[in-house]
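Observations on the three-dimensional arrangement
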Amino acid sequence: MMLFAQEGFYSTDTIRDIRITFAQSNWDEILDSLYVAGDKERMHATLFIDGIQYDSVGVRYKGYSSASVDRVKNPFNIKLNYLIEGQDHQGIDKIKLSNVIQDPSFLREVLSYEIARKYMPASESNFANVYVNDTLLGLYSNVEAVNNEFLEKHFTTTENVLVKGNPETVDLYGENSNLSQTPGMDSLAYTSLYSMQSDYGWTALYNFIDTLNNHEADIDKVLNVDQALWLHALNYTLINFDSYVGYAQNYYLYQDKAGRFNPIIWDLNMSLGSFRLTDASVYFDGFSIEQAKTLDPLSHYNEFSVFPRPLLRKLFNTSRYRKMYLAHIRTIVQENISNQVYLTRAETLHQLIDESVQNDANKFYTYEDFQNNLYGTISDFIDYPGIVDLMEGRAAYLSTSLGFLGPPDIENVSVFPEAPVSNDMLVITAQASNASEVILFYRTSPDIIFEELLMNDEGIGGDSIGGDGIFSSQFLFQGRDVDYYIYAENASAGAFSPRRAAYEYFTIEGLSLIHI
């Protein structure tokens, strides 16, 4: 038991053993009735996680289309502190178990979250064999909830506004949680389109939507633009269209200490081409697997949106944001697909869960489908693309697209003095080639927005020699830690240092320069 406690509940390379015990033999009928009622009431149960017992937990089914009264293997939402205040497992008080529907490979959710966590706050996830009253229901994906524990870990606060972008009922021919101002000026008109997860926030949400739609110059004051660009880059690179892109759902917004809303990716079970609908004019009625490989990542800029998509279009109106977005796509492709890292991970996970998939009598596809879907298409109600076939084609297309090719090259980032003290004039330099503009982004606290300074190669403002390809910027060091990153662009492309900025950045701690 000590091994489980040490490695973490969501250790990706571990299959958890989760057992739910209900006192009632008709537990499924009761959970079905609670699900149909839609009031989110729960059944009491005893829970065992890797042999550790938790009493009086609350259990309900979860999901929109993944749960059904006619289904044996339904997804679960388990609340450990339902009746016993403070009860948790390794600090986790809510467990969300997805039933791996719409994914013959069983890999899409766990693999996609693993990629997403490199670039933005995203849930941890792994696999779990789930039993109810000692009967195996099957292999589930186990995904970290976006709740107080998640917010404390990524934002060091839990008291601000948290909104879930999921309408009460998805309108297949409507706007859903698309952040448009169509419902009007009354914040109460938005309550059926968004789920408020915090105790307050409707006014803040409306003000954010109003700024996003009507005051483009102020968007960066109310939105973490970089995190939104990473969200879009992940969705388009991984063809995760059961998201803001498709029916405008399956995301969270959290307002940080600087007052900006931060988009958080959610519900990746249909990533990697399992869901193929978009709200841009091209392929509005759906797109094929072959079309998915060559889908334009700027379709909401180059074409028109059937229904408003302001979180895409308003950002893409700005040339710099378009280049930053495409730079993020380049990073995702180069760090995960072109180098085959995604395939190594997929094959490792595939081998890990092989026996559990065989033992899952309630899975939605055959074991042969599982074996084949990593590489090849599986045809069922729809065609589920082979992950390798889709990603290789996607990477080949993106790698030759405008904004991907010809980026600036940023090297030899340095700080002078290396060990600054308060009131030193701090000079940050970077060697940049093929760049028409180089910008330093910096902040003196993680709770404030990065400021920007134009770096120059003109022999002024801390730059030693003009025209040598070394760009410089300077500011007064006040003795506090400084986080910073560098962005460079030319007429067609942009680049970051470090590449995963602004999720990763450099930090000056007075006596040292570290990269985190």
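Criteria and cut-off values
Residues numbered from 1 in each chain as written. Predicted model: local features only at pLDDT ≥ 70, side-chain atom pairs only at ≥ 80, totals over all residues. Heavy atoms only, no water. Helix = DSSP H or I, 4+ residues; strand = E, 2+ residues; numbered from the N terminus. Buried < 20%, exposed > 50% of the residue type's maximum accessible area, 1.4 Å probe, protein only. Contact = heavy atoms within 4.5 Å. Areas by Shrake-Rupley, 256 points an atom, 1.4 Å probe, with all protein chains shown as cover. Lys, Arg positive; Asp, Glu negative; His and termini not counted. Charge placed at Lys NZ, Arg CZ, Asp CG, Glu CD. Expected span 1.5 Å × (residues − 1). Axes fitted to C-alpha atoms, helices over the stretch in contact; angles between N-to-C directions. Parallel < 35°, antiparallel > 145°, perpendicular 65-115°, else oblique. Left-handed = near helix turned anticlockwise from the far one by under 90°. Nonpolar A, V, L, I, M, F, W, Y, C, P; charged D, E, K, R; others polar. Bend = angle between axes of the 7 residues up to and from the residue. 1 Å grid on protein atoms, 1.4 Å probe; cavity = no way out; pocket = protein on both sides within 12 Å on 5 of 7 lines; lining within 4 Å. Points joined across faces, edges and corners; volume = space filled by probe spheres on them. Salt bridge = Lys/Arg side-chain N within 4 Å of Asp/Glu carboxyl O. Core = buried A, V, L, I, M, F, W, Y, C linked by side-chain atoms within 4.5 Å.

Section: the overall build of the protein
Helices and strands together make up the secondary structure of the protein, namely 14 helices and 22 strands. Considering only C-alpha atoms, the protein reaches an extent of 80 × 50 × 50 Å along its principal axes. The 516 residues of the protein split such that 56% are buried. In the protein, 67% of the contacts between residues at least 6 apart in sequence involve partners at least 24 apart. Counting only carbon and sulfur atoms, one obtains 49% of the accessible surface of the protein, whose full area is about 20800 Å². Side chains of the protein give 35 positive and 69 negative charges; the mean places of these two sets differ by 2 Å.

Focus on helix H7 (residues 225–237)
Across its 13 residues, H7 extends 18 Å between first and last C-alpha, which sits within 8% of the 18 Å expected from 1.5 Å per residue. Here H7 lies mainly inside the structure; 13 of its 13 residues are buried. Two residues or fewer after H7 comes Ile239, characterised by a positive phi angle close to 45°.

Regarding the packing of H7 against helix H11 (residues 319–337)
The interhelical angle for the contact between H7 and H11, taken along N-to-C directions, is 50°, at an axis separation of 9 Å. Classed by the angle they form, the pair H7 and H11 counts as oblique. You can see that H7 and H11 cross each other, and the crossing is right-handed. In contact with Val225, Asp226, Leu229, Trp230, His232, Ala233, Leu234, Tyr236 and Thr237 of H7, H11 contributes Tyr321, Met324, Tyr325, His328, Ile329, Thr331, Ile332, Val333 and Ile337. Residues that form the contact of H7 with H11 fall into these classes: 13 nonpolar, 4 polar and 1 charged.

Observations regarding helix H12 (residues 341–359)
Taking 1.5 Å of rise per residue, the 19 residues of H12 would be expected to cover 27 Å, and the 28 Å separating its terminal C-alpha atoms lies within 8% of that figure. Its maximal kink placed at Ile353, H12 deviates by approximately 45°. Within the span of H12, buried status applies to Tyr342, Leu343, Arg345, Ala346, Leu349, His350, Ile353, Asp354, Ser356 and Val357.

Let's talk about the layout of surface pockets
The computed volume of the second largest pocket comes to approximately 900 Å³. Lining the second largest pocket are 36 residues, with Asn224, Arg260, Arg443, Phe450 and Ala502 sitting closest to its centre. Elements represented by at least two residues in the lining of the second largest pocket include exactly helix H4 (148–155), helix H6 (219–222), H7, H11 and strand S16 (437–443). No other element matches H7, which puts 4 residues into the lining of the second largest pocket. Residue classes in the lining of the second largest pocket are distributed as 19 nonpolar, 6 polar and 11 charged.

Side note on the pattern of salt bridges
Within this structure, the stated rule accounts for 22 salt bridges. The partner of Arg345 in a salt bridge is Asp13, and the shortest N-O contact between them spans 3.3 Å. You can see Arg345 sitting in helix H12 and its partner Asp13 sitting in the loop between helix H1 (2–7) and strand S1 (15–21), a full 332 residues away along the chain. By relative accessible area, Arg345 is classed as buried at 18%. Overall, the relative accessible area of 42% leaves Asp13 in the partly exposed class. Two residues, Asp218 and Lys221, come together in a salt bridge whose shortest N-O distance is 3.3 Å. Residue Asp218 is classed as partly exposed on the basis of its relative accessible area of 32%. Via salt bridges that share partners, Glu335, Arg499, Arg500 and Glu504 belong to a single interconnected network.

So, the environment of Arg500
Within the fold, Arg500 resides in the loop between strand S20 (494–497) and strand S21 (506–508). The spatial distance from the C-alpha of Arg500 to the C-alpha of Met120 is 9.0 Å, given a sequence separation of 380 residues. If sequence neighbours within four positions are ignored, Arg500 has contacts with Lys118, Tyr119, Trp230, Thr331 and Glu335.

A look at the nonpolar core
Formed by 102 residues in total, the largest nonpolar core has its most connected members in Leu179, Tyr194, Phe208, Leu234, Ile265 and Tyr325. Here this core takes 9 residues from H11, the largest share from any one element. Excluding its chain neighbours within four sequence positions, the residues that come into contact with Tyr325 are Leu229, His232, Ala233, Tyr236, Pro297, Leu298 and Phe316. With 27 residues, the next largest nonpolar core counts Ile20, Phe22, Trp27 and Val57 among its residues.

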